[in-house]
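The residues making up each chain are set out below.
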Amino acid sequence: MTDTVDLNYLNDILVNKMRVKRQPVAITYVNGEPPAGYEPVDVVACMVVRLAENGRKIYVDANHHDCYVGQYHLGWNPDADEFITEGEYLTMAQGFFTEQGAKCNKQQSYSLPEGTITALAAAPLNDVPEGVPVDLIVCVCNAQQAMQIAGAASVREGTFPHGELGASACSSIFAAPWHKKNSVFALGDGGGRSFNQVATSDMFVSIPRHHFKYIIELVENFWFDRDKMREVIMPSHAPAPQKEVQGG
């Protein structure tokens, strides 16, 4: 079922039913050559989201990137030293990180294992070439939309989404879903938010392929009776008990 989801229909649901303002992005974990028609870009890894939102089909890999941190979290720098793995870089150009805080930040951040992917490719969800597999959908959206999109699996199969705060955006939106096998909502870090021009009221959501169908099911089965909900859970809205009529 998950492999047969109509991506254009899913895109229509996200854009026209859930009203996300920014174009949803299809992410592919490439194992081999990048898909035909995708161009390499020398940018920070998380920035592929914004480039794909703007209509481009692009990829980063071990040779095409512009961020040592992204390279590390995508599994392309297994020999990284303490500069990255202990978070030393976090203390060198900003005053609010302590050495201990920076170290813990990297210890608690997810990275893809070495060799998991050869490239990370991105394209608009409504313009994925035929035959290109989609492993994740990334949306930048507000909290209400994130609750519904990232939480779709929770109401269909009972799996609560995974939330992230503090880790690098590339770790949260690309590596965490792989490790957790789960939908992720994340605020991202200052750099990831800046590179992707994320508004102060918005966040990232990253949905793995096996959860795509739940977004569709959520919308196709959506209805809500406010009065009935109040009646069944709020004593003040429950129907008044019927008085017994005394026979005579």
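Whatever comes next refers back to the structure up there.
So, here is what we can say about the structure in this document.

A few words on the packing of aromatic side chains. Inspection of every chain in the model, using the stated rule, returns two aromatic pairs. On the numbers, 5.6 Å between centres and 40 degrees between planes, the contact of Phe96 with Phe97 is tilted. Lys181 extends its terminal NZ or CZ atom over the ring of Trp178, reaching a point 4.4 Å from the ring centre.

The next thing to look at is the pattern of salt bridges. The tally for this structure, following the rule as stated, stands at eight salt bridges. The shortest N-O distance in the salt bridge between Asp227 and Arg226 comes to 4.0 Å.

Counting residues in hydrophobic clusters, the biggest one holds 33 residues, and the most contacted among them are Leu10, Leu14, Ile149 and Ile215. Elements with a contribution of two residues or more to this core: α1 (7–17), β1 (25–30), β4 (119–124), β5 (136–142), α6 (143–150), α7 (152–156), β8 (202–208) and α10 (212–220). Setting aside its immediate chain neighbours within four residues, Leu10 contacts Val5, Leu125, Ile137, Phe212, Ile215 and Ile216. Judged by nonpolar contacts, the second largest core, of 31 residues, contains Val41, Leu120, Ala169 and Ala175.

Turning our attention to the layout of surface pockets. Of the voids in this model, the largest pocket is the one considered here, and its volume is about 520 Å³. As for the largest pocket, its lining consists of 25 residues, and the residues nearest its centre are Val69, Tyr89, Leu90, Gln94 and Asp189. Put simply, the parts of the chain that give the lining of the largest pocket at least two residues each are α3 (68–73), α4 (82–85), α8 (169–180) and α9 (190–195). At three residues, α9 tops the list of elements feeding residues into the lining of the largest pocket. Of the residues assigned to the lining of the largest pocket, the class counts are 18 nonpolar, six polar and one charged.

One can describe the packing of α1 onto α10 by two numbers: an axis separation of 10 Å at closest approach and a directional angle of 50 degrees. In terms of their interaxial angle, α1 and α10 are classed as oblique. Crossing of α1 against α10: the hand is left-handed. Each of Leu7, Tyr9, Leu10, Ile13, Leu14 and Lys17 in α1 lies in contact with α10, whose residues at this interface are Phe212, Ile215, Ile216, Val219 and Glu220. When grouped by side-chain class, the residues that make up the contact of α1 with α10 number nine nonpolar, no polar and two charged.

How each quantity is defined
- Residues numbered from 1 in each chain as written.
- Predicted model: local features only at pLDDT ≥ 70, side-chain atom pairs only at ≥ 80, totals over all residues.
- Heavy atoms only, no water.
- Phe/Tyr/Trp six-rings, centres within 6.5 Å; stacked < 30°, edge-to-face > 60°.
- Lys NZ or Arg CZ within 6 Å of the ring centre and 35° of its normal.
- Salt bridge = Lys/Arg side-chain N within 4 Å of Asp/Glu carboxyl O.
- Core = buried A, V, L, I, M, F, W, Y, C linked by side-chain atoms within 4.5 Å.
- Buried < 20%, exposed > 50% of the residue type's maximum accessible area, 1.4 Å probe, protein only.
- Helix = DSSP H or I, 4+ residues; strand = E, 2+ residues; numbered from the N terminus.
- Contact = heavy atoms within 4.5 Å.
- 1 Å grid on protein atoms, 1.4 Å probe; cavity = no way out; pocket = protein on both sides within 12 Å on 5 of 7 lines; lining within 4 Å.
- Points joined across faces, edges and corners; volume = space filled by probe spheres on them.
- Nonpolar A, V, L, I, M, F, W, Y, C, P; charged D, E, K, R; others polar.
- Axes fitted to C-alpha atoms, helices over the stretch in contact; angles between N-to-C directions.
- Parallel < 35°, antiparallel > 145°, perpendicular 65-115°, else oblique.
- Left-handed = near helix turned anticlockwise from the far one by under 90°.

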